[in-house]
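# Understanding the architecture of this molecule
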Amino acid sequence: MSQDITQFVLILALMIGLAVLIGKWMTHLFTSPTHTLIERATYSILGVDPEERMTWKRYGMVLLLSNAAMMLLGYLFLRLQEFLPGDALARSSQTPDLAFNTAASFITNTNWQSYAGESSLSNFSQMAVITFLMTVSAATGVAAAGGFVRGLSRKSAGDIGNYWVDFTRVVYRLLLPLCFVMALVYVWQGMPQTLAADAVATTLEGAKQQLVMGPVASLESIKHIGTNGGGFFSMNAAHPYENPTPLTNTLHILSMLLIPAALTYTFGAMIMRRSQGWAFFAAFLAMFIGFLVLVYGAERTGNPLLSPIGIDQMQTTQQAGGNMEGKELRFGIAQTSLFVTTTTAATTGSVDAMHSSLTPLGSLVPIAQMMLNNVFGGDGVGLINLVTYAILTVFLVGMMIGRTPEFLGKKIEAREMKYVMLAVLAHPFSILGFTALACVVPSTLASLANSGPHGFSEVLYAYTSGTANNGSAFAGLNANTPFFNTTIGLAMLIGRYLTLLPMLAVAGVMAMKKAAPEGPGTLSTATPLFTGLLVFVILVVGGLTFLPALALGPIVEHLMMLGGTTF
């Protein structure tokens, strides 16, 4: 156990150091007045003016329409896949509902997959659709965060920057360099990077075995750095081609946390309040550690129903005891628990173990983190979601003490709170609404692999994952049906744009306001007290909203397990 804790501490310490380094670079990225040659060439090709100063409405509209165009392009490629050249395995096109689900999934940074990558997509589709959409969706989120923070930092301004400049710089100056270096490391560790569709190997028995291959390393790099999560193979990061060694597993974890953590530093630097950025980072880290302790403790304890027959006491060469069902022996409980916490905290969705095989309390962690959607979060949107709750916290505290709420020296008024509440309520509306709908649709029963509370958790997890733009699955649920493909696709779009666009509106409104001088009654938002209040509000609001649903799923399953009931 001491080795596990040491491992956790070292990885988190390394993450903090990298967050400062990348945070400084992103601050320069968003504030530099100059454009590189390749950036200027890109602006010319796109026909955009890099000097245009966009209001939040213009910024949001460009973001929305460009995403819609790229989603449509991805949809068309998936529908026409069988007619496109270059696929030696002659894989067929996706159906209309599946292509919609896939295109919506990858443009929203969700990367939910209702298909098996190696058997469904050609190498061309993996690159031109999947890897491309992974890149632009991550760039969209980070660019939106840049515009959002810029709006909060300005005073009496009518704009929040230029979306095309932010987007282009994020692609060229951040994502491509990081992914290029990481892909080389991945190839060194044994990941394939080839345009060949497959290879045929002769086994020790003399039989021929087909091995599907492709540009795996490049996809894996943007998959984790971009908090995407879609797998080249259906087994995702549990597949040895996607995650061949404990080192790659650790690099996956660091990659997922890198940009979400670094953006807190960027936030503090851009608003000229470093302590505010660290206060937000502390809120992220406190919730992350709490959930990590819960899932690690649950998985290390294992299933008490197996104690009488001694299964949980079995020794292996790598670790002793605990719940090893659905886990890779080469990673063990410690790295698996950290991966589970990270992939749903950073809304990545990559998995190196079967989440459906987690203990009930262990499975509560990924569901709860996606429901809160405020534990680091995805690239860009995680910071925006935390600021959403920071403004809500300031408002609630201001109402309790009878003062006009203020955030970053600006008064929070009715207009901003309407946008904030729209962003806050869209999330549970989608999760609980679609889950309720699925539970009353008769065809849902045919898609479930389990009955009782675990079966309910499968459905709840799917819509939570889709709305939170996470993309991981609870397994067991056959979601490749017209109903699930369509409704989960809609959940992804709601979770992405009905939370992101209202907060861009908040940034635009705040940018136009004048700064108010701080008084003796001003609540400082860069103190440990406020950090504690922020975490408390997130947990209380999330608890009040989602506790009944969790009680019907993992909580009651845990209680029934303790009572000796299995499913």
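Let me begin by describing the structure that accompanies this report.

Our next topic: the overall build of the protein. Counting secondary structure elements, the protein contains 18 helices and four strands. With 567 residues in all, the protein has 59% of them scored as buried. Considering only intrachain contacts with a sequence separation of at least 6, the fraction spanning at least 24 residues in the protein is 78%. As displayed, the protein has an accessible area near 21,600 Å², and 69% of this comes from carbon and sulfur atoms.

For Gly543, the position within the fold is in helix α18 (residues 528-562). Taking the C-alpha atoms as reference points, Gly543 and Phe124, 419 residues apart in sequence, are found 44 Å from one another.

Tracing the sequence through the fold places Ser114 in the loop between α4 (96-107) and α5 (117-120). Accessibility expressed as a relative area gives 11% for Ser114, which makes it buried. Side-chain polar atoms of Ser114 contact the side chain of Asn485, separated by 3.1 Å.

A rise of 1.5 Å per residue sets the reference length of helix α1 (residues 2-31), with its 30 residues, at 44 Å; its end C-alpha atoms lie 43 Å apart and thus fit the reference within 8%. Those residues of α1 hidden inside the fold are in contact with α6 (123-153), α7 (163-188), α9 (246-270), α10 (274-301) and α11 (332-345).

With that settled, the discussion passes to the pattern of salt bridges. Within this structure, the stated rule accounts for 14 salt bridges. The salt bridge involving Arg150 is made with Asp166; its shortest N-O contact spans 2.9 Å. Of this pair, Arg150 sits in helix α6 while Asp166 sits in helix α7, and the two are 16 residues apart along the sequence. Here Arg150 and Asp166 have matching classes, each one buried. A salt bridge links Arg330 to Glu328; the shortest N-O distance between them is 2.9 Å. The exposure class of Arg330 is partly exposed, given its relative accessible area of 23%. A relative accessible area of 25% places Glu328 in the partly exposed class. Several salt bridges converge on common partners, so that one network encompasses Arg53, Arg154 and Asp159.

Moving on: the nonpolar core. Core analysis: the biggest nonpolar cluster contains 130 residues, and Phe280 and Phe407 have the highest contact counts within it. In terms of residues, this core owes the most to one element, α6, which gives 14 residues. Sequence-distant contacts of Phe407, that is, excluding residues within four places in its chain, are made with Leu152, Phe280, Val387, Ala390, Ile391, Val394, Ile412, Met510 and Thr525.

For the pair α9 and α11, the least separation of the axes is 10 Å and the interaxial angle reads 25 degrees. Between α9 and α11, the angle falls in the class roughly parallel. When the axes of α9 and α11 are compared, the crossing they make is left-handed. Listed contacts from α11 to Pro246, Asn249, Thr250, His252, Ile253, Met256 and Leu257 of α9 are Gln335, Leu338, Phe339, Thr342 and Thr343. Broken down by class, the residue content of the contact of α9 with α11 amounts to six nonpolar, six polar and no charged.

Moving on: a nonpolar patch on the surface. A surface patch of nonpolar side chains, amounting to about 420 Å² of accessible area, comprises Leu72, Leu76, Leu80 and Phe83. Mapped onto the elements of the fold, Leu72 is located in helix α3 (residues 56-79).

To continue, consider the pairing of strand β2 (residues 208-212). Within a regular beta strand, the side chains point alternately toward one face of the sheet and then the other, so they alternate between its two faces. Sheet topology note: the strand β1 (residues 198-202)/β2 ladder contains five bridges and is antiparallel. Across the sheet, Val200 pairs through a bridge with Gln210, a residue of β2. Linking β1 back to β2 in an antiparallel pair, the connection comprises five residues, with Gly206 at a positive phi of about 95 degrees.

This brings us to the packing of helix α14 (residues 414-440) against α18. Where α14 meets α18, the closest approach of the two axes is 11 Å, and the angle between their N-to-C directions is 15 degrees. Between α14 and α18, the interaxial angle falls into the category roughly parallel. As α14 runs across α18, the sense of the crossing is left-handed. Contacts between α14 and α18 involve His427, Pro428, Ile431 and Leu432 on the former and, on the latter, Thr545, Phe546 and Ala549. Taken together, the residues that form the contact of α14 with α18 break down as five nonpolar, two polar and no charged.

Summed over all chains, the structure comprises 19 aromatic pairs. For the ring pair Trp164 and Phe167, a centre distance of 6.4 Å and an interplane angle of 85 degrees mean the geometry is edge-to-face. Residue Trp164 and its partner Phe167 are both found in helix α7; the two are separated by three residues, about one turn of the helix. Residues Trp164 and Phe167 agree in their burial class; the two are buried. Taken together, a centroid distance of 5.7 Å and an interplanar angle of 85 degrees make the contact between Trp278 and Phe281 edge-to-face. Placement of both Trp278 and Phe281 in helix α10 is noted, with a separation of three residues, approximately one turn of the helix. Overall, the relative accessible area of 39% leaves Trp278 in the partly exposed class. Taken together, the aromatic side chains of Tyr265, Trp278, Phe281, Phe284, Phe288 and Phe376 make up a single cluster linked through ring pairs.

Of note, Asn109 is a non-glycine position whose phi angle comes to about 65 degrees, a positive value. Here Asn109 lies in the loop between α4 and α5. Look at Ser156: it is not a glycine, yet its phi comes out positive at around 55 degrees. Among the structural elements, Ser156 can be located in the loop between α6 and α7.

Cut-offs used in this document
Residues numbered from 1 in each chain as written. Predicted model: local features only at pLDDT ≥ 70, side-chain atom pairs only at ≥ 80, totals over all residues. Heavy atoms only, no water. Helix = DSSP H or I, 4+ residues; strand = E, 2+ residues; numbered from the N terminus. Buried < 20%, exposed > 50% of the residue type's maximum accessible area, 1.4 Å probe, protein only. Contact = heavy atoms within 4.5 Å. Areas by Shrake-Rupley, 256 points an atom, 1.4 Å probe, with all protein chains shown as cover. Polar contact = N/O pair within 3.5 Å; in protein donor to acceptor, adjacent residues only side chain to side chain. Expected span 1.5 Å × (residues − 1). Salt bridge = Lys/Arg side-chain N within 4 Å of Asp/Glu carboxyl O. Core = buried A, V, L, I, M, F, W, Y, C linked by side-chain atoms within 4.5 Å. Axes fitted to C-alpha atoms, helices over the stretch in contact; angles between N-to-C directions. Parallel < 35°, antiparallel > 145°, perpendicular 65-115°, else oblique. Left-handed = near helix turned anticlockwise from the far one by under 90°. Nonpolar A, V, L, I, M, F, W, Y, C, P; charged D, E, K, R; others polar. Patch = residues over 30% accessible without salt bridge, like charges linked within 9 Å, V, L, I, M, F, W, Y side chains within 5 Å. Pairing = 2+ DSSP bridges. Phe/Tyr/Trp six-rings, centres within 6.5 Å; stacked < 30°, edge-to-face > 60°.

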